[in-house]
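Residue-level structure breakdown
Residue strings, one per chain:
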Amino acid sequence: MVMEASQQNQQTQQPIVRRNRPGTTTKEFCQWPDENFEEMDSTLVVQQFIQQMIRKDPSNVEKLLNMPDGQDEGVWKYEHLRQFCMELNGLAVKLQTQCFPATCTQMTATEQWIFLCAAHKTPKECPAIDYTRHTLDGAACLLNSNKYFPSRVSIKESSVLKLGSVCRRVYRIFSHAYFHHRRIFNEFEEQTFLCLRFTHFVTKYNLMSKDNLIVPISDAVSEIPGESEA
Amino acid sequence: MRIINRQDIDTEMMDENSLNGAQNQIGVGQNRVNNIATGDKVNDDPSNGNAQNVQPQYTIPGILHFIEHEWQRFQAERSQWDTDRAELQSKIAVLLGERKGLQTTHSDLIRRIKMLEYALRQERIKFHRLKFGCDPPTIDLTQSPDEQALANEIATDADFPYSPVTNQMWERGRARLQNYLKEIGWTETIIDVRSKCTRNLLKLGNAEQEENINPNVNGTETNNKRASESQGMCSQESSEYDNESNFYIIGRDQPAKKSQQAMADALLLDTEAAVMSSFAFLEPADVEMDEEDYMGDDMDLVTGSDIKQLKMKTKGVIVNDDDADAEAEEVLNDLNRLAEGEDANMNMVVNNQRINDGSMKRRVMTGMGPGVNDEEVDSSLGLGELAELTVTNESESTYDVNNSKESYRKTWNAKYTLRSHFDCVRALAFHPKESVLITGSEDHTLKLWNLQKTVPAKKSASLDVEPLYTFRAHNGPVLCLAMSTNGDQCYSGGLDGVINCWNLPNSNIDPYDSYDPDVLKCSLEGHTDAVWRLAVNHTKGNLVSASSDGTVKLWSPQSKLPLLNTYSNETEGIPTSVDFVRDETEKIVVSYKSAVSIIHDVETGKPLLKLTPNGMSGPTDPSKYINRIISHPTMPIIITAHEDRWIRFYDVNDGTLLHAMVAHLDAVTSLAIDVHGLYLLSGSHDCSIRLWNIANKKTCVQEITAHRKKFEESILDVAFHPTKPFIASAGADAIAKVFV
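The structure displayed is predicted, hence computed values, not measured ones.

How each quantity is defined
Residues numbered from 1 in each chain as written. Chains lettered and ligands numbered in written order. Predicted model: local features only at pLDDT ≥ 70, side-chain atom pairs only at ≥ 80, totals over all residues. Heavy atoms only, no water. Pairing = 2+ DSSP bridges. Helix = DSSP H or I, 4+ residues; strand = E, 2+ residues; numbered from the N terminus. Patch = residues over 30% accessible without salt bridge, like charges linked within 9 Å, V, L, I, M, F, W, Y side chains within 5 Å. Areas by Shrake-Rupley, 256 points an atom, 1.4 Å probe, with all protein chains shown as cover. Salt bridge = Lys/Arg side-chain N within 4 Å of Asp/Glu carboxyl O. Lys, Arg positive; Asp, Glu negative; His and termini not counted. Charge placed at Lys NZ, Arg CZ, Asp CG, Glu CD. Buried < 20%, exposed > 50% of the residue type's maximum accessible area, 1.4 Å probe, protein only. Core = buried A, V, L, I, M, F, W, Y, C linked by side-chain atoms within 4.5 Å. Contact = heavy atoms within 4.5 Å. Buried area = accessible area lost by both parts, 1.4 Å probe. Polar contact = N/O pair within 3.5 Å; in protein donor to acceptor, adjacent residues only side chain to side chain. UniProt positions renumbered as here; feature names shortened; annotations may be inferred. Phe/Tyr/Trp six-rings, centres within 6.5 Å; stacked < 30°, edge-to-face > 60°. Lys NZ or Arg CZ within 6 Å of the ring centre and 35° of its normal.

Pairing between strand E18 (residues 597-601) of chain B and strand E19 (residues 607-611) of chain B: four bridges, direction antiparallel. Directly across from B:His600, in E19(B), lies its bridge partner B:Pro607.

Moving on to a negative patch on the surface. Residues and elements named next belong to chain B. Side chains of Asp510, Asp513, Asp516 and Asp518 sit close together on the surface and give a patch of like negative charge. By the secondary structure assignment, Asp516 is in the loop between strand E10 (499-503) and strand E11 (520-524). According to the relative accessible area criterion, Asp516 is partly exposed, its value standing at 36%.

Attention shifts here to the nonpolar core. All names here are of chain A. Core analysis: the largest hydrophobic core is formed by 91 residues, its most contacted members being Leu81, Leu91, Phe174, Phe198 and Phe201. With 11 residues, helix H4 (residues 73-96) is the single largest residue contributor to this core. Residues within four places of Phe174 in sequence aside, it is in contact with Leu88, Leu91, Phe185, Leu194, Cys195, Phe198 and Val215.

In this section: the environment of A:Phe198. Residue and element names in this part refer to chain A. For Phe198, the location among the structural elements is in helix H9 (residues 194-204). In this structure the C-alpha to C-alpha distance between Phe198 and Val170, which are 28 residues apart in sequence, comes to 9.9 Å. Not counting residues within four places of it along the chain, the set of residues in contact with Phe198 comprises Leu81, Phe84, Cys167, Val170, Tyr171, Phe174 and Met208.

This part takes up the pattern of salt bridges. Residues and elements named next belong to chain B. On inspection of all chains with the given rule, the structure shows 24 salt bridges over all chains. Residues Glu77 and Arg73 are paired through a salt bridge, measuring 3.2 Å at the closest nitrogen-oxygen approach. Of this pair, Glu77 and Arg73 both sit in helix H2 (residues 60-132), four residues apart, which is roughly one turn of the helix. For Glu77, a relative accessible area of 12% translates into the label buried.

A word on the pairing of strand E24 (residues 668-673) of chain B. Burial runs high along E24(B): six of the six residues are buried. Taking the residues that link successive antiparallel strands as the turn, the E24(B)-strand E25 (residues 679-684) of chain B hairpin has five residues, and the phi of B:Gly677 there is positive, at about 75 degrees.

Glancing now at the interface of chain A and chain B. Listed per partner, the contact involves 51 residues of chain A and 52 residues of chain B. In this assembly, chain A packs against chain B so that about 4,500 Å² is buried in total across both faces, 53% of it on carbon and sulfur atoms. The tally of links from chain A across to chain B stands at four salt bridges. Taken together, the links from chain A to chain B amount to 32 residue pairs in polar contact (both at pLDDT 80 or more). Where the side of chain A that touches chain B is concerned, the elements lending two or more residues are helix H2 (45-56), H4 and helix H5 (128-143) of chain A.

Moving on, we get to the UniProt feature "repeat: WD" (unreviewed entry) in chain B. Residue and element names in this part refer to chain B. Annotation from UniProt places "repeat: WD" (unreviewed entry) at residues 418-459, 471-504, 524-556 and 661-702. The span residues 471-504 is 0% helix and 56% strand, and its two end C-alpha atoms sit 10 Å from each other. Structurally, residues 524-556 comprises 0% helix and 52% strand, and the distance from its first C-alpha atom to its last is 10 Å.

Our next topic: the packing of aromatic side chains. Residues and elements named next belong to chain A. Taken as a whole, this structure holds 19 aromatic pairs over all chains when the rule is applied. Ring centres of Phe37 and Phe49 lie 4.8 Å apart, and the angle between their planes is 65 degrees; this geometry places the pair in the edge-to-face category. Of this pair, Phe37 sits in the loop between helix H1 (2-12) and H2 while Phe49 sits in helix H2, and the two are 12 residues apart along the sequence. Each member of the pair, Phe37 as well as Phe49, is classed as buried. By the ring-pair criterion, three or more aromatic residues cluster together here, those being Phe84, Tyr171, Phe174, Phe198, Phe201 and Tyr205. For the cation-ring pair, Lys162 lies above Tyr148, with the distance from its terminal atom to the ring centre recorded as 4.5 Å. Geometry around Tyr178 places Arg182 over its ring, the cationic atom sitting 3.6 Å from the centre.

Residues and elements named next belong to chain A. Listed under "binding site: Zn(2+)" (unreviewed entry) in the UniProt record, and renumbered for this structure, are Cys99, Cys104, His176 and His181. Taken together, the annotated residues stretch across 83 residues yet fold into one region, lying no more than 10.3 Å apart by C-alpha. The class of His176 is buried, set by a relative accessible area of 1%. Contacts of His176, omitting those with residues within four sequence positions, involve Cys99, Cys104, Gln106, Met107, Thr108, Ala109, Ala128 and His181. Each residue touching His181, except ones within four places of it in the same chain, is listed here: Leu95, Gln98, Cys99, Cys104 and His176.

This is the structure in structure tokens:
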């Protein structure tokens, strides 16, 4: 279908229509030719651009974080974080099958800290799976809040500051998965490189202190300076 | 008049679309002609086949046949437009009639109010006479002939016993007013808001009066310049009215010392006046259109006489209140000053009038005819309060007009904004009874929203809702949703090929409750590729799914072996959408990638009937791609939404194309129909949702721009609540909206 369409497009010189019509197969989903950042004219350009690059090669962390010229950095960070939280749903789905309240009664990574769930009026010691779900739900609410992020084109400086705490909280999901459900973590990381990307992201934009980045990231990228925190 | 314009524009737009379509067709035709020359291969015409690749495929008869065919199609479309036009015209006539009726009511009400005012004045005089034993020093009415004529006219009306009648009439009038307001879409709240404003105004009485002097003068000056715009007038008139209401207070207040009562009365009056003024927006439009010349003149006259009234009253009050306390005196002084100012202005007005002697006579003539003049005077008085109103209405005047046009129909407004998804919202499903909505998104999750649990959003009319529950199990975007008949379960299909059955949590659940794995009841596995459409048979509870693995499957989600049957069609390709044929539960209708829809027998899986869009140019026509297929809940009709902007209606019994319409500016993506089958809702990548009256002539009743684009996608799903007045739209901008 896509092949046909693109051939016809070449013949008739019509613009490419980037749509996932009903009946699109999993393989074809979103598999349209890239669009230049400059040519995108929607208000969701940054999301479109980031997703387009991830689809191409999720492991190319440097390229993913390479911000186009003239892009507002606040929006850039915000859209990246949205994308991270969205993809973390995938990790949560996997954790739901293995991380039970009976076995992981607390949100822990190493023995050093027990994390309290900030979704409640008074922070409480939720089981790890609840912590994961609540943190993702809370992040979804905050990042979609009309109060702090009314626009996806420009973001107030005060709201950009909120991104750091979201990063800190969602990172604990990675660390819990890494230290307690290593198989799931590895499986997920092989597909998405999400933790790798996330670590690069928070390091590049200084959204978390390096001491908190406790998940060692794979050798393939360890040569990049500043990534040896373990 | 604007109503009509709007509709015209709508039809024009539609016509233009079809014309564009037509042009495209012609373009194709030309291409073909060119292709003859170049010998290019064109695939999409079946009649010519591909047998002779090298030789030109087009013969003269072929071209002629094509042209003939196109001509016939244009004729058919043209006759369609003609009927549409006739319909619209008859609708215009009806609306005009309606407006005339409303205008009559309006003027009638105004007369009543005038009468009541007069009666009140009489009552005050009577009161004064009782208290002081002498007539209040009335300024001779002979001063203004208009006034006297007016007074006489009213006196005859108001001669009968005063108070009980007033109360009755007052109440009746009020009820009628409220009915009327409800009809045009104004609610009690507006009246309340207005009365609140009035209350504020009265609290700040003194200050207000001071301030009012300036706009007053300005207003009159504009008059003198004979600017026919009503703005200046309005501000003047409005302040005048304010002053008047203050008179009432003072008049009663001082002697009786019942300030509370007086306040309340004045409030009532003012509120009514405000309400009156809100009608007035019908009036000025009319006047402006028809008799622009008259208007300026009449207004001048009105000002003159009103100022006289005002002055008269002012003096009356002053003499009345010899024993008033200092504070009141101050107020009165202000008023007096005001009146003097007015007096001067009035002279100017009078001069002005003399200059325009010729037209003046005409005015006086009409002025003498008591009824007409009375109404006109009053309508301008009503217009007074309109000052601020017109300003605020201006920006959305089309909307208001629209509102009054649809007074007998419901107008949908965005009320709830559902933001919490990170990516395109692909699917919507309402709970059959409760105000609960479930959304499915490309961010791999489903969310449950209770529309009764809202977060108050500041400075906007729409409310934000936060999701109560997030359903996580899909390993990929969620593409479709369906709700079970009783609302206990919902089904979701995803790009991962899995159909999940969910037990709906309680609609009052704490969003941060602990995880309950039982919410995911079961997964229906069987499809090997994306599941794009689910539909539930409400009598049997069966579920049918359409997947891009080329199959349609029938499930019984409650049983141990849920998969009942699988249907596939090699020739038509991948199914794009599916629905049960509502009036015959043993049939499903499936739309295929080939733009053909087929009705299958559920038991045998045999294709029973083929629905083909007219003018199909080949076995597969990507432009006519079917994005959604639904069946009418009560009638044997199948409706399809196409990529080529059309919505097509088929007869279930014989497969004929009943009706086809260009419905949007871009691909139509989604359809929903209300339970009664009267209204059709369509969503499109042109960012708008449209509501169609399909019971009657299939006209577009409302269009709402609802979502933004992500890539070339905008609106991905629409839904009607089965029992409550909600409609919803889901967008590629990660937001869902609910309209009431």
